[in-house]
Structures are given as C-alpha cells and as structure tokens.
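# Commentary on secondary and tertiary structure
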Amino acid sequence: MSSAEKPSSKGQAWFCTTGLPSDIVVEVDDMTFHLHKFPLMSKSRKLHHLITQQEAAAHSSAPQHQQQETEDEDEIVEEQCNVTFTGFPGGSEAFEMAAKFCYGVKIDLSSSNVAALRCAGEFLEMTEDYSEDNLVSKTERFLSQHVLKSLKDSVKTLKSCDSLMPMAETLGITQRCVDSVVSRASSADPALFGWPVSDATTASKQVLWNGIDGAGRRKAGAGTGDSWFEDLALLRLPLFKRLILAMKTAELSPEIIETCVMYYAKKYIPGVSRSNRKPLPLPSSSSSSVATEAEQKELLETLVSNLPLQKSSKAATATRFFFGLLRTANILTASEACRDALEKKIGLQLEEATLDDLLVPSYSYLNETLYDVECVERILSYFLESLDARNVAANEDAAARSPALMLVGKLIDGYLSEIASDANLKPEKFYNFAISVPDEARLFHDGLYRAVDVYLKAHPWISEEERENICGLLDCQKLTLEACTHAAQNERLPLRAVVQVLFFEQLQLRHAIAGTLMAAEAAVEPGRQSAVLEREAEEGEEGLGLEHVQERDGTWRVAVRENQVLRLDMDSMRTRVHQLERECSSMKRVIAKFDKSGGSDGGGGGWRASLGRKFGCKFKTQVCDSHESTAVDTRKGRHHQQPQQQHAHHE
C-alpha cells in the first residue's frame, strides 16, 4: 500500500483510500469495512472462498440476455460483494488489523493483541500453506519467542483470552499461557512480590480510620514484581480459578498463591481494604456495573477456598486483611465453611493481630452482645491448637512460655477490658472466655484485673456469688504492688478478695524492703572503699590542688545524703508493713465474728462500715481506669512508686 493508500474511518465505516472504488463490504459487529477483493483473497482462503462463491451465485442468477450483453461489451462491470461475520474472534479491531496485514501494512504485535490476531488468522484461514509468511505463522512465532518467555506478557495474553473463548482454548493459547505463568512464577524471586494490603508507610506513626495508631506498616507493592499481580487481578473468575488450581498442582509456594488471591480480593471485594471502600466491578464482558451481593458472596467463598492452609509469610500484614475478609463474610452471610477457614487462618497468626482487629461487630440478630465474642473464642482455640502442634513438631515443652502465647495473653486481656462494659455480656460468658487463656500466657494479672474491675462496674446488679466467681479469676500473687494498692481500696471487690489482696501486698512490701536493704548495703560499701582510696591518694599525692580536694568532698557528701534518704524510705516502708499487719489481723478477727453472726448485706457497704468502726480503717471510693498505668492512693493523695523492675513488667 502506497502512502496515498491509507485507511480511514468515518463513524462506523472503515475505508481504504486507494483511489479505486471498493468492491467488497465486510460487516463485523457494528463496523462496516469498504475494501478490495484481491488483497483479501491473496491471504485469506476463507474470504477467497466466500467471494468466489458469491460471484458465481450472482452470475448464475442473472438473465440470459443480460449475460450476452455483458459479454459483448468491452468493459467488465464488477458487482460489489457483501460479507457479514458474526462472532468474529477479537471483534472489529482484530479484523481491522487482519485487513491491514492483507494490504501489506506493518502491524505491531503485542502481548495484548497477539491472541486475538492468532484467532482471527485461524478464523480467516490465513495459513502458511495458502500463502507464505501468513498471519498464523507470524503470530505463532511471536507467541513462542516473546510472550511465553515473559511472566508479565504471559499474564496479559492470558487476560486477552477471556473474550476469545472457545477458540483460544481450542488453539491451546490459554493452556500455554497458564503453563508459562506457573513455570516462571515458581522460579521468580519471592523478594520481588509486593503485598496488596498496606496503603502507605512513613517513619512516623499514622492514625487509621478509627483512631488507632498503626506505625511501621509496609508500603503496598514495594517490590518490582507486583505489576504482574495487578494484571492477574484483571482475569475473570473462571480463568483465575484455573490458574490458581494449576499453581497448586505444580506445588508453588503458598506465598505466591496467597499473594495472587489477596490482590484479587482487594480489587473486587468491598470492605477488605479500609482505604478503598469501593471496589472495582468484576471483570466481565457482559456488565460493567458493581457486582451484586450474590456475586460478591460467590467470589469471596471461591477466593477463601483457594487460600493456602499454612501461616502467612507476612503475617502482620495479612492478619488485618483476613479480619477484613471475615467481617465481609459475616455481612454477606457467607457459608460456614468460608468463615471457619478464615478463622483458622487467623488463628495461625493471632499473635500478629491488634485489639482493633479483634473487635468484630455482631451482625446476627441472634447475638445479644455488641461484638462477636464467640468468633474470637473460636479463633483463640485455633491458635492454641496450632501452638500445641508447633510445640510437638519442635519437641518443646507445651507449658513453656512462648513469646507468641504471651502476646496473645496480653491481647485477650485487652479485649476482655473492651467487651466488659457491654451490659448484655453474661457473667458466665465473661468467666468462661477469661479462663480459656492458659495460665502461662499471663505473667502478671494486672490486665485481667482491669477487665474484672470494668465488668463489676458495668454490672452492679449481678449476685454476690457471681461477683465472687468472677473475682476468683484473679491470682493475687500475680498482681504488681501498684495493682494491689488499687485493689485494696476497690469497694467493688468482695471482702474475701480484698483480704487476699492485702495479704499479698504485705508480701510485696516485705520483698521491696529486702531489696532496699540490699541496695543500701551495696551503696555503703563503695562509699567506704572510696574513703580509703581518698586517704591513700592524699598521702601519696601531696601536690594535688585545692579544687580536686573540694570535688572529692562534694562527691562524698552526695553519697552520704543518698544513704540517708534510703534509710528514711526503709523506715517509712517498715511503718507501712506494720500498719498492714495490724489491719489484716483485725480484719481476720472481724471476718470470723462476721461469719459466726451470719449477717451480710451482699453489697459490700456493711462489712466495710463494720471494719471502719472496729479499727478505724477507712476505704475510699476509687474508680479503676482500665487504661491507666498507675494507681492513685486517695488516702494520701500521691502516687505509690514501686521498684523499677516491677514497674517495667506492669502493663
């Protein structure tokens, strides 16, 4: 085709301006092509057959006298042919490129159009045995030499096969692309795989949509290999399922399969990404609207069923994502198998969850509580099962304190403090959930004490027996001195619990005094040694100046002053211990008389007033803030300070 023979389109019509009138009109979908017979017939056997067949039919149907007149004339009048293709592979765009190829125009093959041109060449029978260097052989070479040697190009070509079924399947293009993706993904560097969950990252803390801090989150798609995952997410669900199944059959790493599923879920399932609440419509050739609830439910169940059963490699990021899927599954009333699979998946990595993740709302009218407590109970049970399995596999003692178990214990105590204020949370429910955490998970019971205090405050109407039962969750030996001081003044606690707290507070103070004495002795010894050294230095170095002597005298005075302060602190602590011992002895006598008399009002005010009258021990009303790290002694109006080591362990 010369420079003057350029194609042009006008509306829904396509013309090839060669200076000659077109003698064939081809209709493909809603586009009409005005072309010339001979370029098309030279490359396409199908068009050659259709045109000759149409000309023969037109010649045979003409009257005899008209045929005689035509033969007598010197000019041959060509009649225009009309060809209509329905269901042409690749539509009008593919036919346009095939027509240009017939005219000798150079076409640019790419991973996005090569499958459509290969199918168009097959449809038009543009094979090598009909014409040399034809469209079929040209597209096949490009497929094998370029597309199938690149992971990203294979994914793009696979995407284009969605609209070319069933011909793409018949020609083997789909299967070859699937095999190429599986083969090249298995040999790719996992470090290049991005994760489609986090949306931004900075060195400083960030505040999420509900006000909870989330620092140090990874940026989505940090690797350079995440672009092919984005292309993969454009596949329609049947083809995507086929690819995932092929990956599982080839035993690809769970990390690759999980990343593929997560990219797809983030793009089309609402609610899993809090920064993108409106997902794209499902990739479909028939509709561009947002998927219906039934379609979203089917998509969610399909994706969850294809998640690997192993723990995620990027557990911290994946856990939040799985909680998002779980919330969506509850909203869409997904199948029980789908929700169970998500809960098991979360249970494998529960130590990576946050308190915000655990606060799953109750979407069922059957649940009275604000949050879905049963769901978290099941997740905790799955975590403990997986932890036991890991301990058995590693030949470790199941009773040993693992870091993961300690993190989960602290997380559950925080969750208990959050749900304790729910007025509909029954005492049995609270108690059973609290004891489901193993003892090894709680180094201290301060977090559990906060949860118990919040529950008693929010449920003042529960019976004394239920109050005693809930307070029985606490191990007073695991309360820090700070928590003991608060509990001793907490009038919401039953009498028996207060007595236990006072007893163990005495033990805490005795241990603290013993530690203070040891520290004082250790401080005095270096002071004596330094005094001896100073005397030796004064005898051996008479040339020292007055400034050095004054500096040593100042250091010595500071050491003496510190020792005096330590001794005063010890004296005050001894006084406090004696007071507590007297109070405890008096309380025991009162309790004995109280039990003999059998009188009890069940509310806690009667026995406290009785104790106050007997030995002048006054109990002030004090509120336990479940998020406060220090206990305030309202009797003295100051904070109790405890040893640094104990304070470091307090939550």
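A short tour of the structure in this document, coming up. (Residues numbered from 1 in each chain as written. Predicted model: local features only at pLDDT ≥ 70, side-chain atom pairs only at ≥ 80, totals over all residues. Heavy atoms only, no water.)

This paragraph deals with the overall build of the protein chain. Scanning the protein chain from terminus to terminus reveals 26 helices and seven strands. The buried share among the 651 residues of the protein chain stands at 44%. When contacts within the protein chain are restricted to residue pairs at least 6 apart in sequence, long-range pairs at least 24 apart make up 71% of them. Looking at the protein chain as shown, the accessible area adds up to about 34300 Å², and 53% of this sits on carbon and sulfur atoms. (Helix = DSSP H or I, 4+ residues; strand = E, 2+ residues; numbered from the N terminus. Buried < 20%, exposed > 50% of the residue type's maximum accessible area, 1.4 Å probe, protein only. Contact = heavy atoms within 4.5 Å. Areas by Shrake-Rupley, 256 points an atom, 1.4 Å probe, with all protein chains shown as cover.)

Right, let's get into the packing of helix H20 (residues 446-458) against helix H21 (residues 464-471). Two numbers describe how H20 lies on H21: the axes approach to 10 Å, and their chain directions differ by 165°. Classified by the interaxial angle, the pair formed by H20 and H21 is roughly antiparallel. Of the two possible hands of crossing, H20 and H21 adopt the one that is right-handed. Contacts from Val452, Tyr455 and Leu456 in H20 reach Arg467, Ile470 and Cys471 in H21. Among the residues forming the contact of H20 with H21, the class breakdown is five nonpolar, no polar and one charged. (Axes fitted to C-alpha atoms, helices over the stretch in contact; angles between N-to-C directions. Parallel < 35°, antiparallel > 145°, perpendicular 65-115°, else oblique. Left-handed = near helix turned anticlockwise from the far one by under 90°. Nonpolar A, V, L, I, M, F, W, Y, C, P; charged D, E, K, R; others polar.)

End to end, helix H13 (residues 293-305) covers 18 Å across 13 residues, agreeing with the expected 18 Å (1.5 Å per residue, within 8%). Looking at H13, one finds that the buried residues are Gln296, Leu299, Leu300, Thr302, Leu303 and Val304. In this fold, the buried residues of H13 make contact with helix H11 (237-249), helix H12 (254-268), helix H14 (315-331) and helix H15 (336-347). (Expected span 1.5 Å × (residues − 1).)

Take the pattern of salt bridges next. Tallying each qualifying case throughout the model produces 20 salt bridges. Note that Lys311 is salt-bridged to Glu351, the shortest N-O span being 2.8 Å. Here the residue Lys311 occupies a position in the loop between H13 and H14, and Glu351 occupies one in the loop between H15 and helix H16 (355-358), the gap between them amounting to 40 residues. On the accessibility criterion, Lys311 (38% relative accessible area) is partly exposed. Under the relative-accessibility criterion, Glu351 is labelled buried at 12%. Residues joined by salt bridges that share partners form a network here, namely Arg118, Glu122, Glu140 and Arg176. (Salt bridge = Lys/Arg side-chain N within 4 Å of Asp/Glu carboxyl O.)

Within strand S4 (residues 31-35), four of the five residues are buried, leaving the element largely enclosed by the surrounding structure. Across five bridges, the pairing between strand S3 (residues 24-28) and S4 is antiparallel. Its bridge partner being in S4, Ile24 is matched across the sheet by Leu35. Where S3 folds back onto S4 in an antiparallel hairpin, the turn is made up of two residues, including Asp29, whose phi is positive at roughly 55°. (Pairing = 2+ DSSP bridges.)

Our focus in this paragraph is the pairing of S3. Of all five residues in S3, four are buried; the element is thus mostly enclosed. One ladder, built from five bridges, connects S3 with strand S5 (residues 81-85); its direction is parallel. Bridging across to S5, Val25 finds its partner in Asn82.

Here Met165 and Pro166 are connected by a cis peptide whose omega angle stands at 5°. On the secondary structure map, Pro166 appears in the loop between helix H7 (151-160) and helix H8 (167-170). Residue Asp133 is not a glycine yet carries a positive backbone phi of 50°. Looking at the element boundaries, Asp133 is found in the loop between helix H5 (114-123) and helix H6 (135-145). On the basis of relative accessibility, which here comes to 44%, the residue Asp133 falls in the partly exposed class. With a phi angle near 60°, Glu251 is a residue other than glycine that sits in the positive phi range. By the element assignment, Glu251 lies in the loop between H11 and H12.

Turning to the packing of aromatic side chains, a few remarks are in order. Tallying each qualifying case throughout the model produces 11 aromatic pairs. On the numbers, 6.1 Å between centres and 55° between planes, the contact of Phe85 with Phe95 is tilted. Here Phe85, found in strand S5, pairs with Phe95, found in helix H4 (residues 91-102); they are 10 residues apart in sequence, far enough to count as distant. Per residue, the accessibility class of Phe85 equals that of Phe95, and both read buried. (Phe/Tyr/Trp six-rings, centres within 6.5 Å; stacked < 30°, edge-to-face > 60°.)

Quick look at H4 now. Its 12 residues give H4 an end-to-end C-alpha distance of 17 Å, which sits within 8% of 16 Å, the value for a rise of 1.5 Å per residue. Within H4 the residues assigned to the buried category are Gly91, Ser92, Ala94, Phe95, Ala98, Ala99, Phe101 and Cys102. On its buried face, H4 sits against S3, S4, helix H1 (37-43), S5, H5 and H6. Downstream of H4 by a residue or two, Gly104 has a phi angle that is positive, lying close to 90°.

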